[in-house]
Amino acid sequence: MLIKIFLSTLSIFFSLLMIYVTVINFKKKTLNKVEFLMWNLFWLGVIFLSIRPKFIDDYFLKTYNTDLFYIISILGIVFLLILSYLNFLKIKIIEQKINTIIRAEALKKIINKINK
Amino acid sequence: MFNSILIAIFTYNEEKKISLVLNKVCKKFKNVIVVDNNSEDKTREKVQKYPVKIIHHKFNLGKSSSMKSALDYARIKKFKYIAFLDGDDQHRISDLENLCSKILKIKKGIIIGYRKNLSKLNFTKRLGTEFLNIFFSFFYQKKIFDIQCGLRVFSTKEKKIKWCSSGLKHYFADAEITCNAVMNKCKISQIPIKTVRSEDYKGMNFLLGLYLLFMVVYWRF
């Protein structure tokens, strides 16, 4: 029981932090209005499930059976891993592109200056 | 004498030391370029007072990318050799001259300086440097006395010297060049240089030291 309370509290704290990060990124205009709403809804959903975990348990146990719930959990983890990996790749590609652009611009500037 | 050599100096917030370095370098060398990583202090303003070229990165891209920019410039301007020097006045200009003279004699490969008397460094830095060298010798089966030394000269036509293969921004550009040069069987010469008591490595700490050890193994395989 204590572990459940601890995990729920941790999950709520984490979700609130993510909502804060989402708001900051919205203010910085990294996220547009739709993305802001979608991500906030997602994190609010996580908070709801942290408070009422039975909701999802009851739904799956009544609608399907425990085996399917287990498979869905595994698929969820795999999905998250793929998503993390794709994000990692995308960040690396963007980092390399930015690096190339900045260096090219700096070199162009100095060469132009010399040629003038 | 050193007309075919471009001296590249890397800076990031070096307003206190850069004038000292440029005063000495400009007396001995004609072709000097400073690669500034968007310093937030008055480094660039101070550099502009000297007859040197400046490459200004709009964001801090790290030393690896600065080296690449300097090398690109050297190749565009058809310099035969390029020398790398830190902007924090860690190295003596006479040592740089020795390295440059040596590359003009052997004409290829890479010349790396090594700090001969490490006892002048603080205990942690000395221990870290010595352990890293033993670790390096074990994995690469080659005795390089100071893989992290920032003072080095090499031919701009040297295709065997590659770096930033990992694409990551890190503090170990010098170590990565050394590792890649050894892996690619590049001709490496080492010249002792005077150890100057320096400030701590920028951003270098115990955890980064461990990360460097990991990267040394990573570059090996």
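For clarity, every value in this text was computed on a predicted model and none was experimentally measured.

Participant: Outline the overall build of chain A, supporting the account with residue identities and numerical values.
Facilitator: For chain A, the count of helices and strands is 4 helices and 0 strands. For chain A, the succession of helices and strands along the chain, N to C, is α-α-α-α. In terms of principal-axis extent, the alpha carbons of chain A reach across some 75 × 30 × 30 Å.

Participant: Now, about the confidence of the model for chain B: what can you tell me, with residues and values included?
Facilitator: Put simply, chain B has an average pLDDT of 84, and 90% of its residues get 70 or more. On the interface metric, ipTM, the complex scores 0.73, and its pTM is 0.75.

Participant: With reference to specific residues and values, describe the interface of chain A and chain B.
Facilitator: Each side of the interface is counted separately: chain A has 11 residues, and chain B has 14 residues. Counted by class, the side of chain A that touches chain B contains 5 nonpolar, 2 polar and 4 charged residues.

Participant: If you had to explain helix α4 (residues 93-106) of chain B to someone new, which residues and values would you point to?
Facilitator: Residues and elements named next belong to chain B. In this model, α4 (14 residues) spans 20 Å end to end at C-alpha, consistent with the 20 Å of a helix rising 1.5 Å per residue. By the burial criterion, the buried members of α4 are Leu96, Leu99, Cys100 and Ile103. All buried residues of α4 project into a common sector of 100° when viewed along the axis, lining one side. Opposite the buried face of α4, at more than 90 degrees from it, the exposed residues are Ser94 and Lys105.

Participant: I'd like to hear about the domain arrangement of chain A, residue by residue, with values.
Facilitator: Its domain assignment divides chain A into domain 1 (1-52) and domain 2 (54-116). A C-alpha centroid distance of 18 Å is found between domain 1 of chain A and domain 2 of chain A.

Participant: So, the packing of helix α6 (residues 173-183) of chain B against helix α7 (residues 206-220) of chain B: which residues are in play, and what are the values?
Facilitator: Think of two packed helices as two axes; the pair is described by the angle between the axes and how far apart they sit. Residue and element names in this part refer to chain B. It is at 10 Å that the axes of α6 and α7 come closest, and there the two elements cross at 25°. Here α7 runs roughly parallel to α6, going by the angle between their axes. For the pair α6 and α7, the sense of crossing is right-handed. Of α7, the residues touching α6 (which contributes Ala175, Glu176, Cys179, Asn180 and Met183) are Leu212, Val216, Trp219 and Arg220.

Participant: How would you summarise the confidence of the model for chain A if you had to cite specific residues and measurements?
Facilitator: Per-residue pLDDT for chain A averages 84, and the proportion of residues at 70 or more is 94%. Highest mean pLDDT in chain A belongs to helix α2 (residues 33-51) of chain A (89); lowest belongs to helix α3 (residues 54-63) of chain A (72).

Participant: Explain the pairing of strand β2 (residues 32-36) of chain B to me, using residue names and the numbers behind them.
Facilitator: Residue and element names in this part refer to chain B. A large share of β2 lies buried, amounting to 5 of its 5 residues. Side chains of β2 alternate between two faces, with Val32, Val34 and Asp36 and Ile33 and Val35 buried alike. Both strand β1 (residues 5-11) and β2 contribute to a ladder of 5 bridges, which runs parallel. Paired with isoleucine 9 across the strands is valine 34, a residue of β2. At this point the chain moves from β1, through helix α1 (residues 18-28), to the parallel β2, and the crossover so formed is right-handed. Taken together, the 4 bridges between β2 and strand β3 (residues 53-56) define a ladder with parallel strand orientation. Bridge pairing in β3 places valine 35 opposite isoleucine 55.

Participant: Help me get a handle on the nonpolar core, residues and values and all.
Facilitator: The biggest cluster of nonpolar side chains holds 59 residues, and the ones touching the most others in it are Ile7(B), Ala8(B), Ile33(B), Ala70(B), Ile82(B) and Ala83(B). When residues no more than four places from it in sequence are discounted, the contact partners of Ala70(B) are Ala8(B), Ile33(B), Val35(B) and Ile82(B).

Thresholds, definitions, all that
Residues numbered from 1 in each chain as written. Chains lettered and ligands numbered in written order. Predicted model: local features only at pLDDT ≥ 70, side-chain atom pairs only at ≥ 80, totals over all residues. Helix = DSSP H or I, 4+ residues; strand = E, 2+ residues; numbered from the N terminus. pLDDT = per-residue confidence, 0-100. Contact = placed C-beta atoms within 7 Å. Nonpolar A, V, L, I, M, F, W, Y, C, P; charged D, E, K, R; others polar. Expected span 1.5 Å × (residues − 1). Buried ≥ 20, exposed ≤ 12 C-beta atoms within 10 Å, placed from the backbone. Arc of directions from axis to C-beta. Domains from an automatic or database assignment. Axes fitted to C-alpha atoms, helices over the stretch in contact; angles between N-to-C directions. Parallel < 35°, antiparallel > 145°, perpendicular 65-115°, else oblique. Left-handed = near helix turned anticlockwise from the far one by under 90°. Pairing = 2+ DSSP bridges. Right-handed = clockwise from strand over helix to strand, strands pointing away. Core = buried A, V, L, I, M, F, W, Y, C linked by C-beta atoms within 7 Å.

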